[in-house]
Amino acid sequence: MAAIQPFSSSSTVAVSRHNSLGLRIWHWSNSGLVLFQLMTILFLFIVLKVKTLAPEFSQVLAEKGVNLPATELRGLTRIVSHRIWDWHIWVGIAISCLLAFRVIVSFRQRGSQRTAAKLAAIRAREARGEAGATKARWVRYSYRAFYIILAVMVITGLVLVFEDYLEPIKEVSETIHEYTMYAVIAFVVAHILGVFRSEVTDEPGVVSAMINGGKPAEEA
Ligand code: HEM
Ligand code: HEM
């Protein structure tokens with residue numbers, strides 16, 4: 001992560017900032033929606049454990065003298081899981097649109113706002129032997145890896161949305177989608193911890209720069 005200071009001068013608002021508006025909009029929208037996706041999975045498989053609801057309902061009903069086997073109750077518990085999956089699917093479609101938006105942003109960014117320019121600046125710091133530059137380069141690579149992971153989630157997710165038309169690749173997509181989730185979790189945990197650590201150690205202002213854009217890119 002490059003050393004960034006928050007930018008507050010109102011006289012030079014037109015000068016492009018370190019993080020473009022498009023990147024910031026994408027970042028916070030995408031973060032919220034990816035965290036939401038993880039919450040849907042947390043609720044389905046851990047908090048509610050939807051698959052175990054039918055036998056538990058059946059047992060409680062039996063205690064009250066109502067005899068309804070778990071198989072009969074599955075239809076009811078499926079209503080709960082379908083509601084959560086509907087949210088997962090629509091939020092997934094929103095994440096897919098945001099990824100397309102991120103591609104447009106990358107073409108519209110100018111000068112040192114561009115990812116390649118940020119990487120080149122880090123390489124220059126590394127060549128000067130600046131402390132922390134090598135770490136910053138690896139952080140940049142982790143972002144690249146995340147974009148690939150996100151693309152895999154989006155492609156496999158869309159295959160699952162249109163599974164009726166893509167039957168032959170449905171199962172493999174489901175497996176890839178499920179396992180790639182662990183890479184998403186690993187990135188999110190490492191990223192949030194890393195950003196908080198940077199904020200309180202060598203890069204104060206890194207989070208506000210993702211909110212207000214930070215110093216004009218040319219000065220950063
Ligand atoms: C409270 C949570 C979060 C905070 C405070 C935060 C903060 C930041 C900051 C400060 C940066 C810029 C770092 C730099 O300049 O090198 C950044 C970049 C990034 N963040 Fe986050 N982030 C959060 C959550 C997330 C989540 C959940 C995701 C993914 C799902 C994510 C994905 C990314 C990506 C991909 C970049 C690189 C953007 C680019 O330059 O292309 N962030 N984040
Ligand atoms: C990026 C964060 C995401 C995470 C962590 C995530 C996680 C998961 C997991 C664990 C499953 C269950 C897979 C299985 O049953 O084996 C699933 C299913 C699914 N996901 Fe995602 N997903 C994400 C994004 C997306 C996106 C971007 C889409 C695209 C629209 C999507 C669409 C779907 C669909 C359609 C299903 C199947 C739902 C059903 O069985 O009715 N997901 N997801």
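Residue positions within a chain follow its written sequence, with the count starting from 1. Starting at A for chains and at 1 for ligands, labels are handed out in the order in which the entities are written. It should be noted that, the model being predicted, local features are given only for residues of pLDDT at least 70 and side-chain atom pairs only at 80 or more, the latter also being counted only at that level, while totals for whole chains, interfaces and linings use all residues.

If you tally the helices and strands in the protein chain, you get seven helices and zero strands. A run of DSSP states H or I qualifies as a helix once it reaches four residues; a run of E qualifies as a strand once it reaches two. Both are numbered from the N-terminal end. Listed N to C, the secondary structure of the protein chain is α-α-α-α-α-α-α in terms of helices and strands. Computed over C-alpha atoms, the radius of gyration of the protein chain comes to 23 Å, more than 25% over the 17 Å expected from 2.2 N^0.38 for 220 residues, which places it beyond the range of a compact globule. With respect to the principal axes defined by its C-alpha atoms, the protein chain has extents near 75 × 40 × 35 Å. Taken over C-alpha atoms, the radius of gyration is set against a globule rule of 2.2 Å times the number of residues to the power 0.38.

Once that is clear, we can look at the packing of helix α4 (residues 115-127) against helix α5 (residues 133-161). Angle between the axes and distance between the axes: these two values describe a pair of packed helices. To get an axis, a line is fitted to the C-alpha atoms, and for a helix only the part in contact is used. The angle between two axes follows their N-to-C directions and goes from 0 to 180 degrees. With their axes 8 Å apart at the nearest point, α4 and α5 run at an angle of 155° to one another. Put simply, α4 runs roughly antiparallel to α5. Taken as a pair, α4 and α5 cross one another with a handedness that is left-handed. Between α4 and α5, the residues in contact are Lys118, Leu119, Ile122, Arg123, Arg125 and Glu126 and Ala133, Thr134, Ala136, Arg137 and Arg140, respectively. Of the residues assigned to the contact of α4 with α5, the class counts are four nonpolar, one polar and six charged. Working rule for angles: under 35 degrees goes down as roughly parallel, over 145 as roughly antiparallel, 65 to 115 as roughly perpendicular, anything else as oblique. Handedness of a crossing follows from how the near helix is turned relative to the far one, being left-handed for an anticlockwise turn of less than a right angle and right-handed for a clockwise one. We call two residues in contact when their backbone-placed C-beta atoms lie within 7 Å. Gly falls in the polar group here, along with every residue not listed as nonpolar (Ala, Val, Leu, Ile, Met, Phe, Trp, Tyr, Cys, Pro) or charged (Asp, Glu, Lys, Arg).

Moving on, we get to the packing of helix α3 (residues 70-108) against α5. Relative to each other, α3 and α5 sit at 135°, their axes nearing to 10 Å. The angle between α3 and α5 places the two elements in the oblique class. Handedness of the α3/α5 crossing: left-handed. Facing Ile89, Gly92, Ile95, Ser96 and Leu99 of α3, the residues of α5 in contact are Leu150, Ala151, Val154, Gly157, Leu158 and Val161.

The pLDDT averaged across the protein chain works out to 91; a share of 91% of its residues lies at or above 70. Long-range and interchain partners of residues 5-13, a stretch whose pLDDT sits below 50, account for 15 contacts in this model, where long-range means more than four residues apart. pLDDT measures how confident the predictor is about each residue, on a scale from 0 to 100.

The subject of this paragraph is the site of ligand 2. The rule is simple: place the C-beta atom from the backbone, and if it lies within 6 Å of a molecule or strand, the residue is near it. The full set close to ligand 2 counts 22 residues, and Gln37, Gly92, Gly157, Leu160 and Glu178 are the nearest of them. For the shell around ligand 2, the secondary-structure elements that each account for two or more residues are α1 (21-47), α3, α5 and α6 (167-200). Per-element accounting of the shell around ligand 2 gives the leading share, seven residues, to α3. For the shell around ligand 2, a count of residues per class yields 14 nonpolar, six polar and two charged.

As for its placement among the helices and strands, arginine 125 is situated in helix α4. Along the backbone, arginine 125 and aspartate 164 are 39 residues apart, and their C-alpha atoms lie at a distance of 52 Å. If near-sequence neighbours (up to four positions away) are discounted, arginine 125 is found in contact with Glu130 and Ala133.

Phi angles above zero are rare outside glycine, and lysine 49 is one such case at about 40°. Here lysine 49 shows up in the loop between α1 and α2 (50-63).

Below, the discussion takes up α1. Any helix carries an expected span of 1.5 Å times its number of residues minus one. Helix length check: α1 (27 residues) gives 37 Å between terminal C-alpha atoms against 39 Å at 1.5 Å per residue, within 8%. Looking one or two residues beyond α1, the residue adopting positive phi is lysine 49, at roughly 40°.

Between its first and last C-alpha, α4 extends 18 Å over 13 residues, near the 18 Å set by a 1.5 Å rise per residue. Within two residues after α4, glycine 129 carries a phi angle of roughly 80°, on the positive side.

Moving on, we get to the environment of serine 31. Mapped onto the fold, serine 31 is located in helix α1. Classification of serine 31 as partly exposed rests on a count of 14 C-beta atoms within 10 Å. Partly exposed residues are those whose C-beta has more than 12 but fewer than 20 other C-beta atoms within 10 Å; 20 or more makes a residue buried and 12 or fewer makes it exposed, with C-beta atoms placed from the backbone.

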